[in-house]
Amino acid sequence: MNESTVLLTRAAEARDRILEQLGKRVYGQEEVIEHLLISLFARGHSLMMGVPGLAKTLLVSTLAEVMELSFGRIQFTPDLMPSDITGTDILEETPGGGRSFRFLQGPIFCNLLLADEINRTPPKTQAALLQAMQERRVTAGGRTWELPKPFLVFATQNPVEQEGTYPLPEAQLDRFMFLVRVDYPAIEDELRIARMTTGAAQDPLKRVITPQEIEELQALVAQVEVAESVVSYAVRLVRATRPTDESSSERVRRFVTWGAGPRATQFLILGAKARAVLHGYEVPSVEDVRALAPSVLRHRILVGFHGEAEGITSEDIIRGVLEEVRP
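So, here is what we can say about the structure in this document.

Cut-off values and rules
Residues numbered from 1 in each chain as written. Predicted model: local features only at pLDDT ≥ 70, side-chain atom pairs only at ≥ 80, totals over all residues. Heavy atoms only, no water. Pairing = 2+ DSSP bridges. Helix = DSSP H or I, 4+ residues; strand = E, 2+ residues; numbered from the N terminus. Axes fitted to C-alpha atoms, helices over the stretch in contact; angles between N-to-C directions. Expected span 1.5 Å × (residues − 1). Buried < 20%, exposed > 50% of the residue type's maximum accessible area, 1.4 Å probe, protein only. Core = buried A, V, L, I, M, F, W, Y, C linked by side-chain atoms within 4.5 Å. Contact = heavy atoms within 4.5 Å. Salt bridge = Lys/Arg side-chain N within 4 Å of Asp/Glu carboxyl O.

**Details of the sheet that holds strand E2 (residues 71-75)**
Strand order in the open sheet formed by five strands is E2-E5-E8-E1-E9, with parallel pairing between adjacent strands. Edge strands, defined here as strands with exactly one partner in the open sheet, are E2 and strand E9 (176-181). On average, each strand axis in the sheet is inclined to that of its neighbour by 20°, with strand direction left out of account. Note: strand E5 (residues 112-116) against strand E8 (residues 152-157), four bridges, orientation parallel. By the bridge assignment, Ala 115 is partnered in E8 with Ala 155.

**Notes on helix H2 (residues 30-41)**
The first and last C-alpha atoms of H2 sit 17 Å apart over twelve residues, in line with the 16 Å expected at 1.5 Å per residue. Where burial is concerned, most of H2 is hidden: ten out of the twelve residues are buried. Looking one or two places after H2, you find Arg 43, whose phi comes out positive at around 60°.

**As for the nonpolar core**
Within the largest apolar cluster, 73 residues are counted, with the highest numbers of intra-cluster contacts made by Ile 18, Phe 41 and Met 67. Sorting elements by how many residues they give to this core places helix H12 (residues 262-278) first, with eight residues. The residues touching Met 67, leaving out its near neighbours within four places in the chain, are Ile 18, Leu 37, Leu 40, Phe 41, Ile 209, Thr 210, Pro 211 and Ile 214.

**Notes on the pattern of salt bridges**
Inspection of every chain in the model, using the stated rule, returns 16 salt bridges. Note that Arg 300 is salt-bridged to Asp 174, the shortest N-O span being 2.6 Å. With a gap of 126 residues between them, Arg 300 in the loop between helix H13 (286-297) and strand E11 (302-303) and Asp 174 in the loop between helix H7 (170-173) and E9 connect regions that are remote in the sequence. Asp 174 carries the same exposure label as Arg 300, and that label is buried. A salt bridge links Arg 239 to Asp 245, with the shortest nitrogen-to-oxygen separation between them at 2.6 Å. Overall, Arg 239 belongs to the partly exposed group, its relative accessible area being 36%. Put simply, Arg 15, Asp 16, Glu 34, Arg 275 and Asp 288 are held in one network by salt bridges that share partners.

**Focus on the pairing of strand E4 (residues 99-105)**
Where strand E3 (residues 87-93) lies against E4, seven bridges are found, and the strand directions are antiparallel. Its bridge partner lying in E4, Glu 93 is registered against Arg 99. Counting the residues that bridge the hairpin from E3 to E4 gives five residues, and of these Gly 97 lies at a positive phi of roughly 95°.

**What about the pairing of strand E7 (residues 143-146)?**
Note: strand E6 (residues 137-140) against E7, four bridges, orientation antiparallel. Across the sheet, Arg 137 pairs through a bridge with Glu 146, a residue of E7. Connecting the antiparallel pair E6 and E7 is a turn made up of two residues, with Gly 141 showing a positive phi of about 60°.

Take a look at the structure:
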């Protein structure tokens with residue numbers, strides 16, 4: 001086997017081992033897990049939307065444990081300050097009796113950061129994540145600090161109670177590769193949850209992949225070749241969500257105010273590459289793009305007043321676009 005085939009085999013085996021370990025703690029949620037693994041190996045961030053109690057925090061912390069990644073959790077609240085995330089300078093005495101400032105790193109200095117209920121904190125504090133998400137570095141105290149590699153943000157939002165929350169601005173939403181819907185478990189999974197989590201101690205987790213191996217697989221994803229037809233399809237799909245584009249449908253022009261930008265195209269292609277690698281095949285297909293389109297596009301399409309009045313959602317727009325734009 002050539003080197004590429006060996007790496008693909010390793011990626012598929014790593015995926016199976018990760019899923020096996022996650023299955024000891026998290027029951028069901030296969031689609032959510034798939035999206036988080038894809039975003040991890042594509043170097044993207046994910047936003048999870050779901051009511052409390054659906055194992056979002058448990059999933060991210062377990063993922064960090066089985067991958068030997070350092071884990072940080074920030075509970076976003078209205079009184080949280082940017083320095084509570086990035087860190088701050090503290091004044092301390094030196095051995096010679098003088099004083100100097102030392103930067104005390106905040107919880108963002110980790111491999112896997114869980115930003116819990118990110119919409120509960122004001123925009124000033126939300127924006128503290130922007131540089132870290134885009135550049136993998138933090139500027140504080142007049143200096144720039146590199147974040148550990150790999151670095152990923154998995155954020156959560158509670159869709160139930162919106163009073164007193166601060167919706168993420170479009171610029172920050174666009175930094176998230178996926179918006180993943182976390183739904184209630186199926187009855188079989190909920191029965192298993194009831195049995196397994198209310199009894200004796202659970203089986204211990206095994207660490208199945210190292211940060212270095214993760215970086216190697218991330219590099220493999222970046223190197224995967226994509227057929228021109230797949231790239232063309234991703235571009236046409238994204239452009240069809242824009243009401244000002246000549247390829248958009250009458251429905252999009254009527255109900256959509258803003259469509260998805262070029263970053264959506266980038267994430268569709270990167271996601272398709274990562275999905276292909278994790279399933280052990282070399283060439284991403286149009287089906288990979290179509291499978292990830294709802295999660296990539298749903299937070300990038302802004303439905304206008306007329307659409308909201310008629311009960312149209314971004315999900316409806318995406319379904320229509322997927323039907324209209326054929327490979």
